[in-house]
Amino acid sequence: MGMTIAEKILARHSAHDVLAPGDLAVVEVDTAVPLDLNFYPEAWSEPVSVFDPDKVVVIFDHIVPAPNHRVAESLERGRAFVERLGITRFHDVGARQGICHQVIADVPYARPGEILVCCDSHTCSSGAFNCAARGIGTPELIYVLAKGRTWFQVGPTIRYDLLGELRDGVTTKDLFLHIAGTYGDHVGCNVEFGGPGLASLTIDQRRTLCTMCAEISAEFAIMEPDEVLAAYMAERGVGMDNAVWPDADAVYQDSRAIDLSAIQPMVGLPDSVVGNTAPVASVEGVPITRAFVGSCSNGTLEDLREVAAVLAGRRVHPGVQLLVTPGSQEIHRRALAEGIVATLIDAGALITTSSCGMCAGFVNALSAKDVCIASSTRNFKGRMGHPDARIHLASSRTVALSALAGHITAGTRRPQDAEVTPA
Ligand SMILES: CC(C)[C@@](O)(CC(=O)O)C(=O)O
């Protein structure tokens, strides 16, 4: 019987030749990624040894730099663990800091055909690399660290075939919001992306889409390998030998074709994106007080470029506070080199340290009165501060346009503005 990408990767890492939905697979893990949050005393029960220190990557990203002594003590616990077990791949506060999924992409720690686990729901982000990547809980991570193995129950797979190309100014965030609004949640299911339209999407755009699949409760969200991925990996010295395509006779729970050219700018409405999204045009004019660009879904260099293109030579609306959080120090440095940081600051934005930042609600929280538009991952009630704050999710471009206007808007691109705006 034919297998989907997820089934094939799990089978290759297990004792099974064939896996089908419902099967339990015990698998060897290629990479395990503990985060700063794992080292809180209530969560952490330290393994005496790790299965292979070279397969462990420790990344501090959620609450960094430490805002209080409790966090500082957790980070110290993490550093002691890294030191004791001889883990060399360590992203501490400082020069190598970044959001785990962005760092995993930058290096890259996620590789085609491999299995990567991390204690964060957005770990499916690395499905863009044809990697079976998934979030797990801290107790399970401790087991993986000790034994190098974990288990998954194989879920049915929903296949998305992408056709055509996105129109100018439309992003994979809009594509995701279309999927979440149209099809609702994908609880217990793997998601697989392929089709001729995939070739038109950059790696950053692919990561946005895969990352957001956590919000529809997907298990694995994996893309087919192609030349775009091969080029990205080749630049980083990684081959495609283990890349996995689905079998021609793979069995899917459902197959859905999406015409990318039909997607329009979308907004995720408060307080969940599941079945709750709308074209930006339909909420045009809703006043906002806060705007945020960042997170593991949209803190990429392409996001920052898009925001800079919108903001160049303009000023953010006086009633709006705009925060921009580069996904990693690597991206921050490249944004500096490209002049993006200066453009954003001149426009009135605040650039923050590379971390989960506002998305995780640990810094710069929203008040009860705030209305926010964010390109980040999640908009549950109370996610970014007070439960009465209203959070809309959108592309970084829509966030930037809205920050200029002081209200939610799909706006227009600058060259078009120049044509229609009298001097
Ligand atoms: C810790 C929290 C902010 C988290 O990172 C947890 C998670 O994704 O598993 C999230 O994005 O909700």
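Residues numbered from 1 in each chain as written. Predicted model: local features only at pLDDT ≥ 70, side-chain atom pairs only at ≥ 80, totals over all residues. Heavy atoms only, no water.

### Some words on the overall build of the protein chain
To keep it simple, the criterion reads: Under the DSSP-based scheme used, a helix requires at least four consecutive residues in state H or I and a strand at least two consecutive residues in state E, with every element numbered from the N terminus. All radius of gyration figures rest on C-alpha atoms, and the globule criterion is 2.2 Å times the number of residues raised to 0.38. Only protein chains enter the accessibility calculation, which uses a 1.4 Å probe; a residue is then buried when its area is under 20% of its type maximum, exposed when over 50%, and partly exposed in between. Residues are treated as being in contact if the distance between any of their heavy atoms lies within 4.5 Å. Computed with a 1.4 Å probe, the accessible areas rest on the Shrake-Rupley method; for each residue, only the protein chains presented here act as cover.
Scanning the protein chain from terminus to terminus reveals 14 helices and 18 strands. Over its C-alpha atoms the protein chain spans a radius of gyration of 21 Å, differing by no more than 12% from the 22 Å that the globule rule assigns to 423 residues. Taken along its principal axes, the extent of the C-alpha atoms in the protein chain is 70 × 55 × 40 Å. Relative to its full complement of 423 residues, the protein chain shows a buried share of 58%. If you take every contact in the protein chain between residues at least 6 apart in sequence, the share linking residues at least 24 apart comes to 75%. For the protein chain, the computed accessible surface area is about 15900 Å², with 52% contributed by carbon and sulfur atoms.

### Focus: the confidence of the model for the protein chain
We apply this condition: What pLDDT reports is the predictor's confidence in each residue, on a scale of 0 through 100.
Chain-level pLDDT for the protein chain is 96 on average; 97% of the residues reach the 70-or-more range. Mean pLDDT in the protein chain bottoms out at helix α14 (residues 414–420), which sits at 43, and peaks at strand β10 (residues 221–223), which reaches 99. Contacts from residues 413–423, a stretch scored under 50 in pLDDT, to residues over four places away or in other chains number 10 contacts. Reported for the predicted complex are a pTM of 0.96 and an ipTM of 0.94.

### Here's the deal with the environment of G382
Mapped onto the elements of the fold, G382 is located in the loop between β17 (371–374) and β18 (390–393). Measuring from C-alpha to C-alpha, the distance between G382 and S367 comes to 9.7 Å, with 15 residues separating the pair along the chain.

### Describing the packing of aromatic side chains
What counts here: Two rings from Phe, Tyr or Trp (for Trp, the six-membered ring) form a pair when their centres sit within 6.5 Å of each other. Planes less than 30 degrees apart are called stacked, planes more than 60 degrees apart edge-to-face, and all others tilted.
Under the criterion given, the structure shown has nine aromatic pairs. Seen from their ring centres, F39 and F60 are 6.4 Å apart, and the 70° between their planes marks the pair as edge-to-face. Here F60 lies in the loop between β3 (58–59) and α2 (69–85) and F39 lies in the loop between β2 (31–33) and β3, a separation of 21 residues in the sequence. On the accessibility criterion, F39 (0% relative accessible area) is buried. Under the relative-accessibility criterion, F60 is labelled buried at 0%. A ring pair is formed by F129 and Y232, whose centres lie 5.4 Å apart and whose planes are at 20°; its orientation type is stacked. Here F129, found in the loop between β5 (115–118) and β6 (132–135), pairs with Y232, found in helix α7 (residues 227–235); they are 103 residues apart in sequence, far enough to count as distant.

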